[in-house]
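Given next are the chains, with one letter for each unit.
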Amino acid sequence: MLKLTNVHKSFDKTEVLKGISLNVEKGSVTAIIGPSGAGKTTLLRCINFLEKADSGTLDFDEIHLDLEKVSKKTMLDIRRKTAFVFQNYNLFANMTALQNVMEGLVTARKVPKVQAKDIALKALEKVGLRDKADFYPSSLSGGQQQRVGIARALAVNPDVILFDEPTSALDPELTGEVLSVIKSLAAEGTTMVIVTHEMSFARDTADKVIFMDKGVIVEEGSAADIFVHPKNERTRQFLKL
C-alpha cells in the first residue's frame, strides 16, 4: 500500500534520514520507536509532505513518486490519502470540537457544511466525544483534545493515519483514553503508522515495529521479534533487555 525507498532528508548540513526504506501494508499498524533525535518524526512528516525529503521514492497505491522532483499537485494528492495526528493537538482555539473536525472537510475538501457536520458528529461519536461537540478546546482535557484530533483525522476517511507521539503531551492518567481509541481503530483494520514512546502499547498493538536510531532503521519485525527476541545490540540497549 505504502512503500518508501532510500529516503534521505537533511536540515542544513545535518543528515536526519540516511536512506530509510519501509513498507506499510493495508490494514496494518506500524509502530516506530527509538530515542529522541532518531528521525522518527521527520520520517512521518516526509510521508505526507509536511517536510519535503531530499531524495528517495514513495509508492502509494498506484502513485509512484521521485521525492526529489514531486509536484505540488502530487503532494496534495498524497495528503488527501493521509491524515496526521500531532503531538500537541493543533486544534483551533476559536472553534468548537465540532468545527475543528469539520474544518478540513469544508475548507480543503469542499464538502457541503450540512454533510460535513454529519460526518464530523459521527467521527466525534467514534472517539466518545459527541457530547462535547460544542465545547471549545480550552474546556477540554488534553486527552479529550487529542481525541478531537483523532476525530478530525478520521473524518477525512484517509487511507492511512499518521500519529506523531499522540500521548507525549498528556499526563499518564489521560494517556490511556487516547491509546484505547487507537486500539479500537486498530481492531477495525485502520491502517496506521505511529511514532510512540509507549512501549507496552507498541508491543500489544503493532503488527510491525521499527526501531530507529541516528537516522537509520536499526531493526524491524513483529512485536515479538523486537521486544522479545531483538537481534541488534543497540535495540537491546534501548529496550534495556
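For the structure, see preceding data.
Here the structure is a predicted model, which means the values were calculated and not measured.

Once that is clear, we can look at the overall build of the chain. Summing up its helical and strand segments, the chain has nine helices and 10 strands in all. Computed over its C-alpha atoms, the radius of gyration of the chain comes to 18 Å, within 12% of the 18 Å expected for a compact globule of 241 residues. Referenced to the eigenvectors of the C-alpha coordinate spread, the extents of the chain come out at roughly 50 × 40 × 35 Å. With 241 residues in all, the chain has 51% of them scored as buried. When contacts within the chain are restricted to residue pairs at least 6 apart in sequence, long-range pairs at least 24 apart make up 62% of them. As displayed, the chain offers around 11,400 Å² of accessible surface, 48% of which is attributable to carbon and sulfur atoms. Across the chain, the mean location of the 32 positive side-chain charges is 4 Å away from that of the 31 negative side-chain charges.

Take the sheet that holds strand β2 (residues 14-24) next. By definition, the strands of a sheet pair up through backbone hydrogen bonds, in either a parallel or an antiparallel sense. Taking strand neighbours across the sheet as the criterion, the four strands line up as β2-β1-β4-β5 in an open arrangement whose pairing is antiparallel. Either end of the sheet is taken by a strand with one partner, and the two such strands are β2 and β5 (63-66). In this sheet, adjacent strand axes meet at a mean angle of 15 degrees when their direction is disregarded. Sheet contacts for helix α2 (residues 72-79): β4 (55-60) and β5; angle to β5, the most-contacted strand, approximately 130 degrees.

This part takes up the packing of aromatic side chains. For the structure shown, the criterion picks out two aromatic pairs. Pairing Phe84 with Phe86 gives two aromatic rings, centres 4.7 Å apart and planes at 40 degrees, and the pair type is tilted. Among the residues examined, Phe84 registers a relative accessible area of 9% and is labelled buried. Above the plane of the ring of Phe11 lies Lys9, whose end atom (NZ or CZ) is 4.9 Å from the centre.

Where helix α3 (residues 97-108) meets helix α4 (residues 113-126), the axes come as close as 9 Å, and the angle between the chain directions of the two elements is 125 degrees. Comparing their axes, α4 and α3 come out oblique. You can see that α3 and α4 cross each other, and the crossing is right-handed. From α3, Ala97, Leu98, Val101, Met102, Leu105 and Val106 reach across to α4, where they touch Lys113, Ala116, Lys117, Ile119, Ala120, Leu121, Ala123 and Leu124.

Approximately 590 Å³ is the volume attributed to the largest pocket. Along the walls of the largest pocket sit 20 residues, with Thr82, Ala83, Phe84, Gly104 and Arg152 positioned nearest its centre. Elements with a minimum of two residues in the lining of the largest pocket: α2, β6 (82-85), α3 and α5 (142-155). The class makeup of the residues in the lining of the largest pocket is nine nonpolar, six polar and five charged. The computed volume of the second largest pocket comes to approximately 260 Å³.

The next point concerns helix α6 (residues 172-187). Between the first and last C-alpha of α6 there are 23 Å, a value that for 16 residues agrees with the 22 Å anticipated at 1.5 Å per step. Of the residues making up α6, those classed as buried are Leu174, Thr175, Val178, Leu179, Val181, Ile182, Leu185 and Ala186. In a view along the axis of α6, the buried residues occupy a sector of 155 degrees, so they form one face of it. Opposite the buried face of α6, by more than 90 degrees, sit the exposed residues Glu173 and Ala187. Buried residues belonging to α6 abut β3 (29-33), α4, α5, β7 (160-164), β8 (192-195) and α7 (199-205). With its phi angle positive at about 90 degrees, Gly189 sits one or two positions after the end of α6.

Turning our eyes to something else, we now look at unusual backbone geometry. A positive phi angle, near 55 degrees, is found at Asp12, a position not held by glycine. Inspection of the secondary structure puts Asp12 in the loop between β1 (2-11) and β2. With relative accessibility at 81%, the residue Asp12 sits in the exposed group. Although it is not a glycine, Phe49 adopts a positive phi angle of roughly 65 degrees. Position of Phe49 relative to the elements: it lies in the loop between α1 (40-47) and β4. Judged by its relative accessible area of 4%, Phe49 falls in the buried class.

Basis of the calculations
Residues numbered from 1 in each chain as written. Predicted model: local features only at pLDDT ≥ 70, side-chain atom pairs only at ≥ 80, totals over all residues. Heavy atoms only, no water. Helix = DSSP H or I, 4+ residues; strand = E, 2+ residues; numbered from the N terminus. Rg over C-alpha atoms; globule rule 2.2 N^0.38 Å. Buried < 20%, exposed > 50% of the residue type's maximum accessible area, 1.4 Å probe, protein only. Contact = heavy atoms within 4.5 Å. Areas by Shrake-Rupley, 256 points an atom, 1.4 Å probe, with all protein chains shown as cover. Lys, Arg positive; Asp, Glu negative; His and termini not counted. Charge placed at Lys NZ, Arg CZ, Asp CG, Glu CD. Pairing = 2+ DSSP bridges. Axes fitted to C-alpha atoms, helices over the stretch in contact; angles between N-to-C directions. Phe/Tyr/Trp six-rings, centres within 6.5 Å; stacked < 30°, edge-to-face > 60°. Lys NZ or Arg CZ within 6 Å of the ring centre and 35° of its normal. Parallel < 35°, antiparallel > 145°, perpendicular 65-115°, else oblique. Left-handed = near helix turned anticlockwise from the far one by under 90°. 1 Å grid on protein atoms, 1.4 Å probe; cavity = no way out; pocket = protein on both sides within 12 Å on 5 of 7 lines; lining within 4 Å. Points joined across faces, edges and corners; volume = space filled by probe spheres on them. Nonpolar A, V, L, I, M, F, W, Y, C, P; charged D, E, K, R; others polar. Expected span 1.5 Å × (residues − 1). Arc of directions from axis to C-beta.

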